[in-house]
Every structure is written in C-alpha cells, then in structure tokens.
Amino acid sequence: MSRIRIAGCSDIGARQGNEDDLRHGHGPNGSYAVLADGAGGHVRGREASHRAVDCMERVLLDPGVAFSPANLSQIVRLAHFELLHHQGGDSPEARMHTTVVALWVSPDMDHVLWTHVGDSRLYRMRAGHTELMTQDDSVVHQLLRSGVLTPEHARDHPQKNQLLAALGMEGDVDPHTVVRPVELQEGDAFLLCTDGWWGEVEESFISTSLAKALAPEDWLKDMQRSIKARARPRQDNFSAIAVWVGDPSETTQGRSDDTVPRLPAQRR
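As the structure is a prediction and not an experimental result, all values here were calculated from the model.

Draft legend 1. Structural detail: the sheet that holds strand β1 (residues 4–11). The five strands are arranged β1-β11-β10-β6-β7 in an open sheet whose pairing can be described as antiparallel. The sheet is open, and its two borders are formed by β1 and β7 (129–132), each paired with just one other strand. For this sheet, the mean inter-axis angle between neighbouring strands, taken without regard to orientation, is 15°. Sheet topology note: the strand β6 (residues 121–126)/strand β10 (residues 189–193) ladder contains five bridges and is antiparallel. By the bridge assignment, tyrosine 123 is partnered in β10 with leucine 191. Against the sheet, helix α6 (residues 203–212) contacts β6, β7, β10 and β11 (238–245), and its axis sits at roughly 50° relative to β6. Where helix α7 (residues 216–229) meets the sheet, it contacts β1, β6, β10 and β11, and its direction lies at approximately 25° from that of β1.

Here it is as structure tokens:
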C-alpha cells in the first residue's frame, strides 16, 4: 500500500471566533485524523473542541494502545469524560459540548477505522464514487430518515443545528464506531468535515475537485475557495481533513469529467 498523506484546513468563516479544532499525524499505532466542532453559540465551544481533539490525539499516540474498534470507541469516551470533568456549572452558558469525527489507519496501512458523535461527517471517495460513511446525530437527520422532511425542507429547518448526541452532554456517550476494521484500497480518499463545510459543497463537487487535485492540500484549498466565494454573511466556521491512500486522482480521472457540479446547498 502506498503512503498515507494527510492535510487539514480550518476557516473562521463569518464568525467572531473559530470553535472548530483538528489534529492529524502519524504515530506508532498508525495514522490518524480527528476533527471536532464546538457547539455553536456556546461560550465554551472552542474549549470543548480543543479538549476533545487534544485528549484523543494523546491516546492515539500512546504506543500501548492497540488498533481496534473497541479502543477507538473508548478513546471517544475518554474525550467525553474529559469534557464532563471540566464543565463549569449547570447553566447552558457554563456547559460545553462538541461533535467529533475520527479516522484511524492501521500501522500496516491495510485497514482503517472510523467513529463519530454529532453531525461532523466522514466521506469516502473510491474509484470515482463518493459515499457518506456517517449518519448525523441531529433532529433534522432523524426527521429525514423517518420521511417527515424532504432534503429541501431540511436545509432551512429551525432545528437544523440541534444535536441528539455530542461529547460533553450529560450521561454516557455511544460512539458510532465501525464494528471491524475496513480494508483500504489503493487510491482511497477520505474527507472529515464539519457541518459548516459539508453544508456548502455538494458531493458532486467533492469528487470533481478531487479528480484535479495533485495533493490533499490542493483538494482542500479548492473546496475552501468555493465556500468562501459564496460569501455568506452568516457563514459558520468550516473545517476539514483530507486523508489520501496513494494518489486518488489517478482512480477518479475519466470518471468525473462528465460530472457537472451543482450549486452547493443553501445553508445558514
């Protein structure tokens, strides 16, 4: 298997501060990427995302932690307990919580694990096809799955930012972790992203952009330019991590040439 390449990008958007945070790298237990989105509008959202990714990275870099789904779920729970331990009080303004999505590549680079809590997402691009690998823990997504809402109505729903699960919420947390390691293929590409990112780019544009990128940094910059060009007055923070297995553009060229990118969905 070819080497793993990783790049990250975080943009403040039109907000006063950035409540997103991310970490990625290579360690004794394999390569990893962790992305978090602190609760929008909460004073301590920035602290929540920082504590979550910092806690998870420390454990992922521990040589004694084996590559396994159970350990990945436990790492998420440790980050959750870290936030609970540092909560400031019972008032909504004093509490903090955050979404998280994480990817973990095995040391031999043959398999991958992922997990998430909240509405930060993971996409996989394989052989020209884009697939959403996570399901949002949100009120709107629950209504979509039940058929109560259409995608068009969901975009401007008043509860579109209301989460059903997040790190730091009272009680235990149940991470959505794959039950077994997933085999990697040469040319796979993964995109971890916050709602401020995925809400502004269509899946067709994600794959079209990938097909012309020479490096994961190029791919992220192209999507970032697209989001910034829309110049939304209330644009949320938007962040993403790209993980490449070899050169995905070689497997997408010729497949995405006929794809006409649609305008990104209306958000915020």
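Now, onward.
Draft legend 2. Representation of the packing of α6 against α7 within the structure. At their nearest, the axes of α6 and α7 sit 9 Å apart, and the two run at 135° to each other. Between α6 and α7, the angle falls in the class oblique. In the packing of α6 onto α7, the handedness of the crossing is right-handed. Contact with α6, carried on its side by Phe205, Ile206, Ser209, Leu210 and Lys212, involves Trp219, Asp222, Met223 and Ser226 of α7 and no other residues of that element. Looking at side-chain class alone, the contact of α6 with α7 contains five nonpolar, two polar and two charged residues.

Calculation rules
- Residues numbered from 1 in each chain as written.
- Predicted model: local features only at pLDDT ≥ 70, side-chain atom pairs only at ≥ 80, totals over all residues.
- Heavy atoms only, no water.
- Pairing = 2+ DSSP bridges.
- Helix = DSSP H or I, 4+ residues; strand = E, 2+ residues; numbered from the N terminus.
- Axes fitted to C-alpha atoms, helices over the stretch in contact; angles between N-to-C directions.
- Contact = heavy atoms within 4.5 Å.
- Parallel < 35°, antiparallel > 145°, perpendicular 65-115°, else oblique.
- Left-handed = near helix turned anticlockwise from the far one by under 90°.
- Nonpolar A, V, L, I, M, F, W, Y, C, P; charged D, E, K, R; others polar.

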